[in-house]
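Observations on chain architecture
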Amino acid sequence: SRESFAFAVCKDRRSMPRNARRKRGGPSESKQSKRQRSGRKGGVIDLGSPQLPSDFEIQVGRLLLKTHRLILLMSGDVFRTMLAEDAKCSELDLSVDVGKLCGVDVCEDDWASFAKCLYPATSQNTADLITNDNALAIAALAKKYDIPAVLGMCDNTAKSMDIGQLDVPQLLDEFHVRSELGLKASAAKCLGKLLPKIITSQHPLSFSQCGHDYSHVPELRFTQDGSRWLQMKLNKFSKPTLVALMKEIIDYLQ
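Just so it is clear, the structure is predicted and the values come from calculations on it, not from any experiment. (Residues numbered from 1 in each chain as written. Predicted model: local features only at pLDDT ≥ 70, side-chain atom pairs only at ≥ 80, totals over all residues. Heavy atoms only, no water.)

If you tally the helices and strands in the protein, you get 12 helices and 11 strands. In the protein, buried positions account for 43% of the 254 residues. When contacts within the protein are restricted to residue pairs at least 6 apart in sequence, those whose partners lie at least 24 apart make up 62%. Within the structure as shown, the protein displays about 14000 Å² of accessible surface, and the carbon and sulfur contribution to it stands at 53%. (Helix = DSSP H or I, 4+ residues; strand = E, 2+ residues; numbered from the N terminus. Buried < 20%, exposed > 50% of the residue type's maximum accessible area, 1.4 Å probe, protein only. Contact = heavy atoms within 4.5 Å. Areas by Shrake-Rupley, 256 points an atom, 1.4 Å probe, with all protein chains shown as cover.)

Below you can see the structure in the form of structure tokens.
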């Protein structure tokens with residue numbers, strides 16, 4: 001919706017002094033995470049070519065991305081809606097999306113990789129663009145700007161991450177973030193590692209009631225550590241994430 005992008009500034013660069021367009025900054029250094037501080041320190045990335053020069057600029061923090069308006073229009077409904085109202089729009093300031101987004105830290109380098117993923121010619125080279133280090137951040141951008149193809153590529157990369165050494169609270173956090181981002185395969189992998197750590201046994205209930213035999217119904221038994229962390233974490237989960245978690249627990253016990 002339009003309200004979701006209240007901080008996105010779209011202006012015709014021909015009517016704006018060049019030095020004024022460059023005076024946009026990202027989040028203050030004191031609020032940035034270690035990952036953000038390790039990201040790109042400004043500069044310009046031009047995704048155009050001599051044959052097809054860039055005709056659109058996106059400012060993200062101190063980084064200027066020079067891209068193509070047509071690519072943005074073709075990428076998804078969000079960019080299309082943002083640009084459709086002004087045919088002369090040639091610049092967006094999306095610095096608001098440098099920092100925490102969908103529970104993930106997003107830096108300028110992540111924006112650069114995300115922008116490159118919008119180009120069809122690079123979708124087959126995602127090994128160089130989407131890595132274990134930036135898959136969740138790019139997924140956060142793909143979710144906000146509603147680009148399912150990029151989200152799917154992020155899911156494939158996140159699914160290959162090694163999470164075998166994570167403990168119960170870490171796995172719950174990873175499941176939560178990946179579920180909220182819509183990374184279904186990756187979230188399922190987290191649960192596959194989590195459930196054996198929090199469910200200690202499957203004792204069938206041996207009783208009957210109203211003529212129904214419940215001897216096949218498993219009894220839910222959580223480990224003490226698993227029960228403690230579930231109580232601490234579940235209040236942060238959205239309803240869809242809770243439903244997904246309960247469904248997986250039921251499937252695991254069957």
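Another aspect to go through is the environment of A139. Tracing the chain through its elements places A139 in helix α7 (residues 135-144). In this structure, the C-alpha to C-alpha distance between A139 and L183, residues 44 residues apart in sequence, is 8.0 Å.

Once that is clear, we can look at helix α9 (residues 168-181). Residue pairs three or four apart in sequence face the same way in an α-helix, which turns once every 3.6 residues. Here α9 contains 14 residues, and its C-alpha end-to-end distance of 20 Å stays within 8% of the 20 Å for a straight helix at 1.5 Å per residue. G182 occupies a position one or two residues after α9 and carries a positive phi of about 85°. (Expected span 1.5 Å × (residues − 1).)

Even without being a glycine, C102 presents a positive backbone phi close to 55°. Within the secondary structure layout, C102 lies in the loop between β6 (99-101) and β7 (104-106). Classification of C102 by relative accessible area gives partly exposed; the value is 35%. Despite not being glycine, D146 shows a phi value in the positive range, around 55°. Within the fold, D146 resides in the loop between α7 and α8 (148-159).

Glancing now at the side chain of D93. If you trace the backbone, D93 turns up in strand β5 (residues 91-93). Owing to a relative accessible area of 11%, D93 belongs among the buried residues under this scheme. There is a polar contact of 2.7 Å between the side chain of D93 and the side chain of S95. (Polar contact = N/O pair within 3.5 Å; in protein donor to acceptor, adjacent residues only side chain to side chain.)

Further remarks concern the packing of aromatic side chains. Taken as a whole and judged by the stated rule, the model has five aromatic pairs. Centroid distance F79 to Y145: 4.8 Å. Interplanar angle 5°. Geometry classified as stacked. Of this pair, F79 sits in helix α4 (residues 77-84) while Y145 sits in the loop between α7 and α8, placing them 66 residues apart in sequence. Between the aromatic rings of W111 and F114, the centroid separation amounts to 5.5 Å while the plane-to-plane angle is 85°, which identifies the pairing as edge-to-face. Highlighted residues: W111 and F114, both in helix α5 (residues 108-117), separated by three residues, approximately one helical turn. Of the two residues, W111 and F114, both sit in the buried class. Ring pairs connect the aromatic residues F79, W111, F114 and Y145, which therefore count as one cluster. (Phe/Tyr/Trp six-rings, centres within 6.5 Å; stacked < 30°, edge-to-face > 60°.)

The next subject is the packing of α8 against helix α10 (residues 184-198). Where α8 meets α10, the closest approach of the two axes is 7 Å, and the angle between their N-to-C directions is 25°. If you check the angle between α8 and α10, you find them roughly parallel. Here D155, A158 and K159 of α8 lie close against α10, whose contacting residues are K184, A185, S186 and K189. Its residues assigned to classes, the contact of α8 with α10 shows two nonpolar, one polar and four charged. (Axes fitted to C-alpha atoms, helices over the stretch in contact; angles between N-to-C directions. Parallel < 35°, antiparallel > 145°, perpendicular 65-115°, else oblique. Nonpolar A, V, L, I, M, F, W, Y, C, P; charged D, E, K, R; others polar.)

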